[in-house]
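Read off the chains here:
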Amino acid sequence: LIQLFYPHHCLGCGDENLSIKALLCPFCFSALPRTQYVGLPNNPTERIFSGRLSIEQAYSEFYFQKESVIQHMLHQLKYNHKTNIGEYLGEMMGETMATTKGFAEIDAIVALPLNKAKEKKRGYNQSAFLAKGISSVLGKPVLENTIERIRHTETQTRKQREERWINVAYSFKVKNPALIEHKHVLLVDDVITTGASIESCGRCLLSVPGVKLSVASAAITI
C-alpha cells in the first residue's frame, strides 16, 4: 500500500524492493564508482590543487561518469530539489572520512557557497546538504554564515580551465572570520572539475589567521 501511494524506487535500476530510507538497491549501491582516494597521499583530487592551494588533504568519493547513476543523482540533487540525495551522499562521504585520522580531526565544515541570487532562484545550495550529511556522521558543525559569494558568475559547465579561474576569481568574502580562526576547515563541493571555485574560496578562507584547509567533493570528473 505504501508503494502504491508513495512510490519508492531505486535511483539506479528502478527496483521497488528496498527499504524506505534507502535510495539505491544493494546491487546499485555496490556498483557505485568509488575512487578509494581517501587517505591516499597525492591522489588525483589533491594533485588538482598542488602548487595552487595550501591544503592538508583532499578527496572525492566518486568518479563522475556521464550517463551514470552518480550523474543522475547529482543532477536530481542540483536541479530537481531532491535534497535528500545530498544528505545520503554526504553520509557516505562522512563514513569514508571517519576511517582516516586527517579528516576525523577537522573542526568545522563549510559548504561552497552559491551567489545569493542563484541560491534564491534554486531555493537551496546543494553542497549544504552534502555538508549536513557529513556532519551527521563526523559530529562536526556546519558553519553556514562564514563565507559568501559576492559576485554572480556564469555557469562553469562549458568553460576551460583558465576561463573557469577568471570567472570565479575574487568571488568570495569571509563574513565572520572569528568563527574559523585557528581551525581546521573542511570545504565541501558537489563535483570537482578544474577546482577553480574551490581554489578561489579556499584562498579566501586561508586568509583568516590560523586556518588549515581540507577539501572534499562528492565526485570528480575523469
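Numbering of residues starts from 1 in every chain and runs along the sequence as written. Reporting in this predicted model follows two pLDDT cut-offs: at least 70 for local features of residues, and 80 or more for side-chain atom pairs to be given and counted; totals over whole chains, interfaces and linings ignore these cut-offs and use all residues. Side-chain numbers here rest on the full set of heavy atoms in the structure, without hydrogens or water.

A.B. asks: Whenever I open this one, helix 4 (residues 69-79) confuses me. Can you help?
C.D. replies: Helical periodicity: at 3.6 residues per turn, an α-helix aligns residues three or four positions apart in one direction. Partly exposed residues are those whose accessible area sits between 20% and 50% of the maximum for their type, while under 20% is buried and over 50% is exposed, using a 1.4 Å probe and protein chains only. By definition, any uninterrupted DSSP run of H or I lasting at least four residues is a helix, any uninterrupted run of E lasting at least two residues is a strand, and each is numbered from the N terminus. All of the buried residues in helix 4 are Ile70, Met73, Leu74, Gln76 and Leu77. Buried residues of helix 4 fall within an arc of 155° about the axis and therefore sit on the same side. Those residues of helix 4 that are buried lie in contact with strand 1 (58-64), helix 5 (83-97), helix 8 (126-138), strand 5 (184-192) and strand 6 (212-221). A positive backbone phi angle near 60° is found at His81, which sits one or two residues after helix 4. Our arc is simply the arc of the directions from the helix axis toward the C-beta atoms. Here, two residues are considered to be in contact whenever any of their heavy atoms come within 4.5 Å of each other.

A.B. asks: Any chance you could explain the pattern of salt bridges here in plain terms?
C.D. replies: If the charged atoms of two oppositely charged side chains come close together, the side chains can form a pair. When a carboxyl oxygen of Asp or Glu lies within 4 Å of a side-chain nitrogen of Lys or Arg, that pair is called a salt bridge. Scanning the model with the defined rule gives 5 salt bridges in all. Note that Glu148 is salt-bridged to Lys116, the shortest N-O span being 3.5 Å. With Glu148 in strand 3 (residues 147-149) and Lys116 in helix 7 (residues 116-122), the pair connects residues that are 32 residues apart, well separated along the chain. The class of Glu148 is buried, set by a relative accessible area of 17%. A relative accessible area of 58% places Lys116 in the exposed class. The salt bridge partner of Arg203 is Glu199, with a shortest N-O separation of 2.8 Å. Remark: Glu199 and Arg203 occur in helix 10 (residues 196-206); sequence separation between them is 4 residues, near one turn of the helix. Owing to a relative accessible area of 42%, Arg203 belongs among the partly exposed residues under this scheme. Glu199 gets classed as buried once you look at its relative accessible area, which sits at 5%. Via salt bridges that share partners, Arg52, Glu199 and Arg203 belong to a single interconnected network.

A.B. asks: Looking at this model, I keep getting lost on the sheet that holds strand 2 (residues 108-111). Mind explaining?
C.D. replies: Backbone-to-backbone hydrogen bonds pair the strands of a sheet. The strands run either parallel or antiparallel. The sheet built from 4 strands is open, its strands ordered 1-6-5-2 with parallel pairing. Of all the strands in the sheet, just strand 1 and strand 2 have a single pairing partner and so form its edges. Averaged over all pairs of adjacent strands, the angle between strand axes in this sheet comes to 20°, irrespective of strand direction. A fitted line through C-alpha atoms serves as each axis, taken over the contacting stretch for helices, and the angle formed by two N-to-C directions is quoted from 0 to 180°. Lying on the sheet, helix 8 is in contact with strand 2, strand 5 and strand 6; it crosses strand 5 at an angle near 130°. Of the strands in this sheet, strand 5 and strand 6 are in contact with helix 10, which crosses strand 5 at around 170°. Two strands pair under a simple rule: DSSP has to find at least two bridges between them.

A.B. asks: Help me understand the packing of aromatic side chains, please; the structure alone is not making it clear to me.
C.D. replies: Two aromatic rings, taken as a pair, are described by how far apart their centres are and by the angle between their planes. Each Phe, Tyr or Trp ring (for Trp, its six-membered ring) is paired with any other whose centre lies within 6.5 Å, and the angle between the two planes then decides the class: stacked below 30 degrees, edge-to-face above 60, tilted in between. All told, the structure shown has 3 aromatic pairs when counted by the stated rule. Ring centres of Tyr37 and Tyr63 lie 5.8 Å apart, and the angle between their planes is 90°; this geometry places the pair in the edge-to-face category. Note that Tyr37 is positioned in the loop between helix 2 (26-30) and helix 3 (44-49) and Tyr63 in strand 1, a separation of 26 residues in sequence. When its relative accessible area of 7% is taken as the criterion, Tyr37 is described as buried. Taking relative accessible area as the criterion, Tyr63 reaches 22% and is therefore assigned partly exposed.

A.B. asks: Got a minute to help me understand the side chain of Thr194 in this structure?
C.D. replies: For Thr194, the location among the structural elements is in the loop between strand 5 and helix 10. Taking the relative accessible area as the measure of exposure, Thr194 reaches 9% and is therefore buried. Polar contacts, as counted here, are pairs of nitrogen or oxygen atoms within 3.5 Å of one another; within protein the pair requires one atom able to donate a hydrogen and one able to accept it, and residues that are adjacent in sequence qualify only if both atoms are side-chain atoms. A polar contact of 3.4 Å, which involves the side chain of Thr194, links it to the backbone nitrogen of Ala196.

A.B. asks: Honestly, the environment of Pro26 in this entry has me stumped. Any pointers?
C.D. replies: You can see Pro26 is positioned in helix 2. In the structure, Pro26 is positioned 16 residues away from Cys10 in sequence and 9.3 Å away in space, judged by C-alpha atoms.

A.B. asks: Is there a simple way to explain the pairing of strand 5 in this structure?
C.D. replies: The side chains of a regular strand alternate, first on one face of the sheet and then on the other. By the criterion of burial, strand 5 is predominantly enclosed, with 8 of the 9 residues buried. When strand 5 meets strand 6, the two strands line up parallel, connected through 8 bridges. Paired with Asp189 across the two strands is Ser217, which belongs to strand 6.

A.B. asks: Help me out: how do you make sense of the confidence of the model for the chain in this one?
C.D. replies: As a note on interpretation, predicted positions should not be read in detail where pLDDT is low. Averaged over the chain, the pLDDT score is 89; the fraction of residues at 70 or greater is 88%. pLDDT expresses how confident the predictor is about each individual residue, on a scale running from 0 to 100. Per-residue pLDDT stays below 50 along residues 1-5; that stretch engages in 4 contacts with residues further than four places along the chain or on separate chains.

A.B. asks: Looking at this structure, how should I read the pairing of strand 6?
C.D. replies: A large share of strand 6 lies buried, amounting to 8 of its 10 residues. Both strand 1 and strand 6 contribute to a ladder of 6 bridges, which runs parallel. Bridging across to strand 6, Phe64 finds its partner in Thr221. A crossover gets the label right-handed when its path from the first strand over the helix to the second runs clockwise, viewed with the strands pointing away from the viewer. As a crossover connection, the stretch from strand 5 through helix 10 into strand 6 is right-handed.

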